[in-house]
Every structure is written in structure tokens, then in C-alpha cells.
Amino acid sequence: DARVTQTPRHKVTEMGQEVTMRCQPILGHNTVFWYRQTMMQGLELLAYFRNRAPLDDSGMPKDRFSAEMPDATLATLKIQPSEPRDSAVYFCASGFRAGTGGLGPEGYTFGSGTRLTVV
Amino acid sequence: QQQVKQSPQSLIVQKGGISIINCAYENTAFDYFPWYQQFPGKGPALLIAIRPDVSEKKEGRFTISFNKSAKQFSLHIMDSQPGDSATYFCAAPSNSGYALNFGKGTSLLVTP
């Protein structure tokens, strides 16, 4: 089965440190998302890319978060400086969208997430 | 950002019973409404999805019912099993059509 690979699976860091989370989308998928999951807010969309171009990052706190896709096999999410309120599970998801719509029946595939704890 | 309202927040069903989870969305010009299933420590996984040119889609014990005029859709799990115990999320396309906005989730517990 093709899968979205996220690293690291767990990260504990001190407040103020930089955190980098990585995602390898499924080969051939052209749309990549970053979501954050917390008990209070559920699944929040942070940013997404189509064909490696950022389409929307309005869900991210821009002063500390940044998302990039340096190539088709790697997406990164950075937090600098990290704060305790950033503690959450961060998910990457990928999928294939043709043209202006046309999401395939397989939908979006999520990775297993990075559990971030900022102390 | 489009709001997606999901209910109930939690649900307890006896084995063999029917689990029903509801979802309501705001305006959308797009046409894909999925349900995702999430087990502890795992990412959400696509369970079943519907396009609103049909009012119902069934896959095994899982059925989506879609009411376009009411902007609502629901997930029915027939003959619920303890292995179905998980968190279920509905989702609707964002205003751009590319991203999915998720409901807050329903924690389902199926008792033996």
C-alpha cells in the first residue's frame, strides 16, 4: 500500500526551540496538506500545496510557522520559535487532483502524524 | 473558512446496533463529501465518500445519506462491531475546492 510518511513520529522540545517536521507524500500525488489536530480544535488546516506551489497558508500563525515543498518528494513544516500552545499532532496528507477539480475516489491519504510536545 | 458541524460528539452503541452520525455544511460549489475513520495513534483514513449527484452510497455496512437541499449528510453503520470503535470525521470541500474542512469528530464506542 502506498503511504504518506511523516518524520519524526514524536518530538519533545523546549519552548523557543526550532522544530522541523517532514512529510514524504505518495508518489504521483500533486496536492499536499498540513493539518494540526488538538482535542479542542479538532483537525485544523494549516497550509496546502498544489504541484509544489503554496495555495493557502492562512491557517498558520505566520510569525512562527512556515511550510515549504522543496521538491515533489518532500514537504516541511517549521515552527520557530516553538511555544507550549503548539503542542498537538501534526498530520500531512496528500492526494491527486486533476485540473480545477476532480478529486479521485481515493481521496486524500493521511500520514501517521508527528506528535509534538513543547515544554 | 467553511464550517462543518458534526453530531453527536460521542456515541455508545451495542454490538449489532446501528450507529448514526450527522454532518451539516455551509455553501459549497464542490462535490465531494467524505467520512474518515481514525484509530488511536493513527492518521484519519478515508472510509467512504459521496458526490451529491446521488442521495445514498453504500459500501458494506457503511452508508452515506446525502440531502443536498438541507446541506446535510450522515453516516450509518449497520450491524456495528467492537472493531468499529474509533473517531469518525465528516468533511466538506473548502471554498477553494482543494482542501477539506473537517467536523470536530464523533467518538464511537461499540460495546460487546
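These figures come from a predicted structure and were not determined experimentally. (Residues numbered from 1 in each chain as written. Chains lettered and ligands numbered in written order. Predicted model: local features only at pLDDT ≥ 70, side-chain atom pairs only at ≥ 80, totals over all residues. Heavy atoms only, no water.)

Trainee: Requested: an account of the overall build of chain A, with residues and values cited.
Mentor: In terms of helices and strands, chain A carries zero helices and eleven strands. In chain A, the order of α-helices and β-strands from amino to carboxyl end is β-β-β-β-β-β-β-β-β-β-β. The globule rule puts the C-alpha radius of gyration for 119 residues at 14 Å, and the 14 Å found for chain A is close to it. If you line up chain A on its principal axes, its C-alpha atoms span 40 × 30 × 30 Å. Of all 119 residues assigned to chain A, the portion counted as buried reaches 48%. Across chain A, the fraction of contacts at a sequence separation of at least 24, relative to all contacts at a separation of at least 6, is 56%. Taken as a whole, chain A presents about 5,900 Å² of accessible surface, with 51% of it coming from carbon and sulfur. Here chain A holds 13 positive side-chain charges and 12 negative ones, and the gap between their average locations is 3 Å. (Helix = DSSP H or I, 4+ residues; strand = E, 2+ residues; numbered from the N terminus. Rg over C-alpha atoms; globule rule 2.2 N^0.38 Å. Buried < 20%, exposed > 50% of the residue type's maximum accessible area, 1.4 Å probe, protein only. Contact = heavy atoms within 4.5 Å. Areas by Shrake-Rupley, 256 points an atom, 1.4 Å probe, with all protein chains shown as cover. Lys, Arg positive; Asp, Glu negative; His and termini not counted. Charge placed at Lys NZ, Arg CZ, Asp CG, Glu CD.)

Trainee: Could you give me a rundown of the interface of chain A and chain B, with the residues and numbers involved?
Mentor: At the junction of the two partners, chain A supplies 25 residues and chain B supplies 19 residues. Interface of chain A and chain B: buried area, both sides summed, is about 1,700 Å²; carbon and sulfur atoms make up 55% of it. At the boundary of chain A and chain B, one finds zero salt bridges. The tally of links between chain A and chain B comes to four residue pairs in polar contact (both at pLDDT 80 or more). For the side of chain A that touches chain B, the elements supplying multiple residues, two or more each, are β4 (31–38) and β5 (42–50) of chain A. Ranked by residue count, the leading element in the side of chain A that touches chain B is β5 of chain A, at five residues. The residue makeup of the side of chain A that touches chain B, split by class, is twelve nonpolar, nine polar and four charged. (Buried area = accessible area lost by both parts, 1.4 Å probe. Salt bridge = Lys/Arg side-chain N within 4 Å of Asp/Glu carboxyl O. Polar contact = N/O pair within 3.5 Å; in protein donor to acceptor, adjacent residues only side chain to side chain. Nonpolar A, V, L, I, M, F, W, Y, C, P; charged D, E, K, R; others polar.)

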